[in-house]
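An overview of the molecular structure
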Amino acid sequence: MKKHYEIPLLNDYHNHTSFYMALRNCLDVRSIDDIDEALDMISKLNDNINVVLGWRFGNQKREEIEKLSPSLILDGSLHNYIMNQKAKDILIHDYPVIVKNIEDIEWIEHNLYSIIKFIPQIKTINDSDIHEFFDYMLHKNQIYSMEDLLLPNIDFIKMYERTGYSHRLKYWVDINSYDKLDDENRNKVEGFKIFLDGAISPETAALNGYINKKSNGGIKLYSDEALIRDLKYAEKEGRAVAAHALGELAIEQLVDIVEKEDIKLPCLRIEHAQYISYDVAKKCKDRGVTLSMQVNFSGESLLFKHKLTEEYLKRNNPFRMLIDEVGFEPGKDLIFGSDGMPHGAESALQNSLFPVYDSQKLTLDEFVAGYCLNSFEPGKISFDVENDKVVDVKTVL
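Because the structure is a prediction, the values reported are computed rather than measured.

1. What to know about the sheet that holds strand β2 (residues 10–15)
Overall, parallel pairing links the eight strands, which are arranged β2-β7-β8-β9-β10-β11-β12-β13 in an open sheet. Both edges of this open sheet fall to β2 and β13 (334–336), since each of them pairs with a single strand only. With strand direction ignored, the average angle separating the axes of adjacent strands in the sheet is 25°. With three bridges connecting them, strand β12 (residues 290–293) and β13 associate as parallel partners. Opposite Ser292, over in β13, you have Ile335 as the bridge partner.

Structure below.
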C-alpha cells in the first residue's frame, strides 16, 4: 500500500556548497562500474582542465589516464586524487605545493582544506552558476538552505551577497583563512572547520575496524598539543568549532581534550561522528556538544563491506543509541546534513526510514526535526512510501 507524505524542505547542516558548485558541470562517474566506460567518457572532455568526480578504480590504467587531456580525477570520498602530467604542467606555476603532493594520501588528509578551496579556484564560478546551483539544489534535491563547511575565500561571500543567496547560507572557514579576515567579515562566519581524521574509502578514518589490519587506527591529523592550541584559540576568539571526526579514535581524542582542558566554546559540533561510542556520547551530551551527522552515510554499512568488519558495519550511525539511550534530541543537539554524498531528500529519507540496520533508523518526526526547515513557507517535499521504498520525491513550491 502506498502512503503519501509532505514535509518541509531541507536545511543541509553539512555541505560544501562552493566546492560542489565548482563540480556542478563536471563529469560525474560515481555510477559507472566499468573502468573502460569511465575512461571513454573522460576522453571526450576537452576543457582546459577536466575535473572528474567519482573515480572508483584507484590508480588502475594510469597509462591511459596520462594520455587523456589535462585531467584532475577525484574519488567519491573527496579524499583521493589523480592528476595527470598535462594538468600538472598547467597548474604547477600557480599551485606548486598542491601539484607536487596531490597524490600523496597522507599529505591530502593533512591539507584537505587546501584541496577543497583549490578546486573552486580552478573552475571559474560566475553569477549564473550560483543561480543555477541553488535552483538545482532546490528543485532536484529539495534543499533550501545550507551550511558551507569550508568557504574557499571571502570572494564567495561577496558573490552570495550580490546574487541574493546569503540568507540561505552559513559559512565556516579554516583557521588560517579566518586570521586573514577583517572584523566585518569575521562576523559573517559561524566559526572554524577542522579535520581530525580522514575517510573510510582511503582507510584514513581513525578507527580500528578495517579488515586490512595494517590500516587499523587510520590517521589522526592532529597531535594533542596542536589540537589544544587550536581549540584554545577558538575559545579565546569566542568562535564555534565544527570538527570532522568520523572514527572513534578521533572522536575520543577531541572529547578527552575538551574535558581535560575544560575548553568552553559557543558551540562545538562533531561532524560525521559515525563511530561514536555510548560512553563518549554520554560525555558529549553532558558537555553540550552537538552531533552533526549524515543519515545518507548509513548506506556505507553496505558500501564498505569489503573495508570494515561486521562489528563496525553495525556500529555505523548509531542513532537509536544516541536518541533512546543517551538522550540526544534531533533538531537541538543532533542535526543532519548530506556532505553531498549524495545531496537530496530521497537518499536521506530512504536511509533514515529503511536503513541497513534497525540501530540506524529514524522516525519521520525525528528526521524532520533534525534535517528540515521549521516552516512550509518556502515550499515542501512531497513523497510516497511503497514496499519500504521512498518514491516520487518532489519539490513543491
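2. What about the packing of helix α14 (residues 278–287) against helix α17 (residues 319–326)?
Orientation of α14 relative to α17, taken along the N-to-C sense of each, is 55°, at an axis distance of 11 Å. When the axis of α14 is compared with that of α17, the two are oblique. The handedness of the crossing between α14 and α17 is right-handed. Contact residues: α14 offers Tyr278, Ala281, Lys282 and Lys285, while α17 offers Met321, Leu322, Glu325 and Val326. In terms of residue class, the contact of α14 with α17 is made up of five nonpolar, no polar and three charged.

3. Side note on the side chain of Gln350
Tracing the sequence through the fold places Gln350 in helix α18 (residues 345–353). A distance of 2.7 Å separates a polar side-chain atom of Gln350 from the backbone nitrogen of Val390. Once residues within four sequence positions are removed from consideration, Gln350 is found in contact with Pro355, Asp388, Lys389 and Val390.

4. Re the pattern of salt bridges
Taken as a whole and judged by the stated rule, the model has 31 salt bridges. In this structure, Arg30 engages Asp28 in a salt bridge whose closest nitrogen and oxygen atoms are separated by 2.6 Å. Measuring nitrogen to oxygen at the nearest pair gives 3.0 Å for the salt bridge that ties Glu161 to Lys188. A residue pair is termed long-range when its members are at least 10 positions apart, and Glu161 in helix α9 (residues 154–163) and Lys188 in the loop between α11 (183–186) and β9 (189–195) qualify at 27 residues. By relative accessible area, Lys188 is classed as partly exposed at 27%. Ionic contacts of the salt-bridge type, sharing partners, join the residues Arg62, Glu66, Lys88 and Glu103 into one network.

5. Quick word on helix α12 (residues 224–237)
When the terminal C-alpha atoms of α12 are compared, their 20 Å separation across 14 residues agrees well with the 20 Å that a helix rising 1.5 Å per residue should span. Listed as buried for α12 are Ala226, Leu227, Asp230, Leu231 and Ala234. Summarising the axial view, the buried residues of α12 lie within an arc of 125°, below the 170-degree limit, and thus occupy one face. Exposed residues lying more than 90 degrees from the buried face of α12 are Glu225, Arg229 and Lys236.

6. Description of unusual backbone geometry
Look at the link from Met341 to Pro342: it is a cis peptide, with omega at -10°. Turning to its location among the elements, Pro342 is positioned in the loop between β13 and α18. Even without a glycine there, the phi angle at Asp388 is positive, about 60°. Mapped onto the elements of the fold, Asp388 is located in the loop between β14 (380–386) and β15 (389–396). Residue class for Asp388 comes out exposed when judged on its relative accessible area of 52%. The residue Asp392 is not glycine, and still its phi comes out positive at about 55°. Accessibility expressed as a relative area gives 42% for Asp392, which makes it partly exposed.

7. Section: the environment of Lys3
With respect to the helices and strands, Lys3 occurs in strand β1 (residues 3–8). Lys3 sits in the partly exposed class, given a relative accessible area of 47%.

8. Concerning the sheet that holds β1
Read from one edge to the other, the open sheet built from three strands follows the order β1-β14-β15, with strand pairing classed as antiparallel. The open sheet has two free edges, formed respectively by β1 and β15, since each of these has just one partner strand. Averaged over all adjacent pairs, the angle separating strand axes in this sheet is 25°, with direction ignored. Of the pairings in the sheet, the one linking β1 to β14 comprises six bridges and is antiparallel in character. Paired with Tyr5 across the bridge in β14 is Phe383.

Basis of the calculations
Residues numbered from 1 in each chain as written. Predicted model: local features only at pLDDT ≥ 70, side-chain atom pairs only at ≥ 80, totals over all residues. Heavy atoms only, no water. Pairing = 2+ DSSP bridges. Helix = DSSP H or I, 4+ residues; strand = E, 2+ residues; numbered from the N terminus. Axes fitted to C-alpha atoms, helices over the stretch in contact; angles between N-to-C directions. Parallel < 35°, antiparallel > 145°, perpendicular 65-115°, else oblique. Left-handed = near helix turned anticlockwise from the far one by under 90°. Contact = heavy atoms within 4.5 Å. Nonpolar A, V, L, I, M, F, W, Y, C, P; charged D, E, K, R; others polar. Polar contact = N/O pair within 3.5 Å; in protein donor to acceptor, adjacent residues only side chain to side chain. Salt bridge = Lys/Arg side-chain N within 4 Å of Asp/Glu carboxyl O. Buried < 20%, exposed > 50% of the residue type's maximum accessible area, 1.4 Å probe, protein only. Expected span 1.5 Å × (residues − 1). Arc of directions from axis to C-beta.

Distances and angles like these do not, on their own, reveal function.
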